[in-house]
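Spelled out, the chains give:
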Amino acid sequence: MSSILFKKFSALRFINPFQTGVLALLFTSLIVIFFASIFLGSFDFSFEELFNDSNSLDNIVLLEIRIPRVFLAAFVGASLGLSGASLQGLFRNPLADPGLIGVSAGAALGASLVIVLGSGVLPDFIFGTLILPISAIIGASLVISLLYLFTQGFGYQGITYMLLVGIAVNAFASVGIGILTYISTDSELRGLTFWTMGSFGGASWQLIMPALIIISLTMLWMIPSSRKLDLLQLGEPEAYRLGVNVKTLKFKVIISSAITVGISVSLSGMIGFVGLVVPHLVRLIGGVNHNYLLPGSALLGASLMMTADLLSRTLIQPAELPVGLITSAIGAPFFLWLIFRIRKS
Amino acid sequence: MSVETKKLTWEIKSKRIVDEISLSINQGEILTILGPNGAGKSSFLKLISGDSSETSGEVLYDDIQLCEISIQERSFMRSVMSQSQEIAYDFSVKEIIEMGWIDRGISDYSKDFENAVIQISIECSVKELLEQNFNTLSGGEKRRVHFARTLIQLWRPSGSYDPRYMLLDEPTANLDILHEQRMMKLIQKKRDEGIGVLLILHDLNLAAQYSDRIAIFKDGKLVEIGVPEKVMNEETLSSVYELQMTIDKDPFRINYY
């Protein structure tokens, strides 16, 4: 009956021309920043060497070190931006950031657990590309489910409540990581300290390829549900009445955020505030509907993260700053400003 | 065609909130539920909309069990308006109204849809508010916008006359008398177009003025159902509300003190 009439799917209708323009602009700047990030850094490429000799040091540095690193930064930024935006939609709360509410910490704890307990047992490749991300994903999804359980029924009023739960989860995770640090050996410790600061150093194609594919697939899975996240803003009962299967939607957001954040954390450690700042900026520029917000946050997240990484490796070159330090230095004051704004309204 | 309940019952902690209620809401009629607080009116509406599931009994939409209808299919058949929640982000009024439709292949009808949104926002007197931020509106204005959204939900791109129902829990709350009358007239207009309407109201005179039939609830039970003139008598109303009432015949008016 009527449903046959309505089968054809189209999400485009709910993006206005201005928003399409913003997305195009974000995409263009992403490309520009991508090439800037590739060619700027502590190693200066000579174009002559690059084109004439495919085995030159320039070529190896570019293809095996620089490009994978920039790719990783872009995908981690996109992951954090997108998961921030969709978690903020799910919790109906603009302060939901994977870092603040403890999702990244959960992922880090999951990853640290297997570093200390399992790194010696398994071959490096399988460990790095499989076991580590999976345990990070499990850690992240446990935290999101826990948060959801706690904040259910608190609805929009649950802002402070959710942040408090996040503090508890973060504290719990740092205790866990602390204990693990204490009982770990020297080589394991090196791996652990990396989680708390975040870095894109050490990215290789072999390590990041599976991650990039999974992150892309997860995004393609999540973004078509944007419209449903809009309806969810009316409240769960209301969204149901409008035809949204709320359970499926929640599951989708939780799983996709856990996967993207989990993989990101397992490859680059904890990088704070991106998931908070990026969706907020995207909303300020062009509007709050998720058909625009989700792709916009992924694009801007990627651009910002590549820029932060570029800063981290050029500010005090040839040495490097942890990238998490840079995002937090920008993000923390922004967070304060956001709280101030919410309190005023 | 109708929505029908058969011995519909909802128990919470062994207390019967809704107690074996059987009635039907026909296409093209306004059925209003009256009753004191805690009579089970809103709970009954939640069972019909599918928000909550019954302990026993059945809800049938055009002879099909509600539990056999998919969530999306339900959204084509009935729209619901009740107490609404706060919205965290700054959607425009137009965006809120458009939420009546998820996607439903809208690309083919986008022009028609655009026109329908404007048409309905004129009917609900929210046309001037369309570009405004929803969160800056007053309570009554928000109510009208949500009503426009429930109307858009049942809007059809072509002249398809499949059965549709509106379930409205105190739609006129927070409205001034002008907009209250306008909304009730609009509900009557939708009834004339063939939509079956279930209303919950507190204003007895408003109910008497606009309803085709009235159902009176008390303690989760259906006390009486029928045309206003028959059901709304001094005896029944006084005992249900535990308040002395008198009724004028011409014009029909209920007085209470």
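Rules used throughout
Residues numbered from 1 in each chain as written. Chains lettered and ligands numbered in written order. Predicted model: local features only at pLDDT ≥ 70, side-chain atom pairs only at ≥ 80, totals over all residues. Helix = DSSP H or I, 4+ residues; strand = E, 2+ residues; numbered from the N terminus. Buried ≥ 20, exposed ≤ 12 C-beta atoms within 10 Å, placed from the backbone. Contact = placed C-beta atoms within 7 Å. Rg over C-alpha atoms; globule rule 2.2 N^0.38 Å. Pairing = 2+ DSSP bridges. Axes fitted to C-alpha atoms, helices over the stretch in contact; angles between N-to-C directions. Left-handed = near helix turned anticlockwise from the far one by under 90°. Expected span 1.5 Å × (residues − 1). Arc of directions from axis to C-beta.

> So what exactly am I meant to see when it comes to the overall build of chain A here?
When you go through chain A residue by residue, the secondary structure sums to 15 helices and zero strands. Within the span of chain A, comprising 345 residues, buried residues form 50% of the whole. Counting contacts in chain A only where the partners sit at least 6 residues apart, residues at least 24 apart contribute 81% of the total.

> How should I be thinking about the overall build of chain B in this particular structure?
Assigned secondary structure in chain B consists of nine helices and twelve strands. Radius of gyration (C-alpha) of chain B: 19 Å, near the 18 Å computed for a compact globule of 257 residues. Overall size of chain B, expressed as C-alpha extent along the three principal axes, is 55 × 40 × 35 Å.

> Quick question: what am I supposed to make of the sheet that holds strand β2 (residues 15-26) of chain B here?
Across a sheet, paired strands are connected by hydrogen bonds in the backbone, their directions being either parallel or antiparallel. Residues and elements named next belong to chain B. Strand order in the open sheet formed by four strands is β2-β1-β4-β5, with antiparallel pairing between adjacent strands. One side of each edge strand has no neighbouring strand; the edge strands of this open sheet are β2 and β5 (64-65). The pairing of strand β4 (residues 56-61) with β5 spans two bridges and is antiparallel. Along β5, the bridge assignment pairs Leu60 with Gln65.

> What exactly am I supposed to notice about the packing of helix α4 (residues 57-90) of chain A against helix α14 (residues 290-314) of chain A here?
Two measures define how a pair of helices packs: the angle their axes make with one another and the distance between the axes. In the contact formed by α4(A) and α14(A), the axes pass within 7 Å of each other and the chain directions differ by 145 degrees. Handedness of the crossing formed by α4(A) with α14(A): right-handed.

> Looking at this structure, I do not really get the sheet that holds strand β9 (residues 213-218) of chain B. What am I missing?
Residues and elements named next belong to chain B. Strand order in this open sheet of six strands is β6-β7-β8-β3-β9-β10, and the pairing throughout is mixed. Looking at the sheet topology across the chains shown, the edges are occupied by β6 (78-81) and β10 (221-226). This sheet shows a mean twist of 15 degrees between the axes of neighbouring strands, independent of strand direction. With four bridges connecting them, β6 and strand β7 (residues 165-169) associate as parallel partners. Counterpart to Val80 in the pairing with β7 is Leu167. Sheet strands touched by helix α5 (residues 139-153): β6 and β7. Its angle to β6, the strand with the most contacts, is close to 170 degrees.

> Would you mind showing me how to read the environment of Ile330(A) here?
Residues and elements named next belong to chain A. Inspection of the secondary structure puts Ile330 in helix α15 (residues 323-344). Judged by the 17 C-beta atoms lying within 10 Å of it, Ile330 is partly exposed. When the C-alpha positions of Ile330 and Val277 are compared, they lie 9.0 Å apart, and in sequence the two are 53 residues distant.

> Even after reading the chapter, I still don't get the pairing of strand β11 (residues 245-248) of chain B, so can you show me in this structure?
Consecutive side chains along a regular strand alternate between the two faces of the sheet. Residues and elements named next belong to chain B. Sheet analysis places β11 next to strand β12 (residues 253-256), joined by four bridges and oriented antiparallel. Residue pairing in the sheet places Thr246 in a bridge with Asn255 of β12. Where β11 folds back onto β12 in an antiparallel hairpin, the turn is made up of four residues.

> Even after reading the chapter, I still don't get the pairing of β10(B), so can you show me in this structure?
Residues and elements named next belong to chain B. Pairing geometry for β9 and β10, over five bridges, is antiparallel. Its bridge partner being in β10, Ile214 is matched across the sheet by Gly226. Hairpin remark: β9 followed by β10, antiparallel, with two residues in the connecting loop; positive phi at Asp219, about 50 degrees.

> What should I look at first to understand the environment of Ala136(A) in this one?
Residue and element names in this part refer to chain A. Topologically, Ala136 is positioned in helix α6 (residues 124-151). Its 30 C-beta neighbours within 10 Å are what place Ala136 among the buried residues. As for Ala136 and Ile330, which are separated by 194 residues in sequence, their C-alpha atoms are 26 Å apart. Excluding its chain neighbours within four sequence positions, the residues that come into contact with Ala136 are Ala107, Gly110, Ala111, Gly262, Ile263, Val265 and Ser266.

> In this structure, what is going on with helix α9 (residues 205-222) of chain A? I would like to understand it.
Residues spaced three or four apart along an α-helix face the same direction, because each turn holds 3.6 residues. Residues and elements named next belong to chain A. Here α9 contains 18 residues, and its C-alpha end-to-end distance of 25 Å stays within 8% of the 26 Å for a straight helix at 1.5 Å per residue. Every buried residue of α9 is listed here: Ile208, Ala211, Ile215, Thr218, Met219 and Met222. One side of α9 carries all its buried residues, which in axial view fall inside an arc of 100 degrees. More than 90 degrees from the buried face of α9, the exposed residues found are Trp205, Gln206, Ile213, Leu217 and Leu220.

> I would appreciate a short explanation of α5(B) in the present structure.
Relative to the 21 Å expected for 15 residues at 1.5 Å per residue, α5(B) spans 21 Å between its end C-alpha atoms, a close match to the ideal helical length. Extensive coverage of α5(B) is indicated by the burial of 13 of its 15 residues.

> I would appreciate a short explanation of the environment of Phe335(A) in the present structure.
All names here are of chain A. Its location among the elements puts Phe335 in helix α15. In this structure Phe335 comes out as buried when scored by C-beta crowding, with 20 C-beta atoms within 10 Å. Put simply, Phe335 and Phe273 are 62 residues apart on the chain and 7.9 Å apart in space, counted from C-alpha to C-alpha. Setting aside anything within four residues of it in sequence, one finds Phe335 in contact with Phe273 and Leu276.

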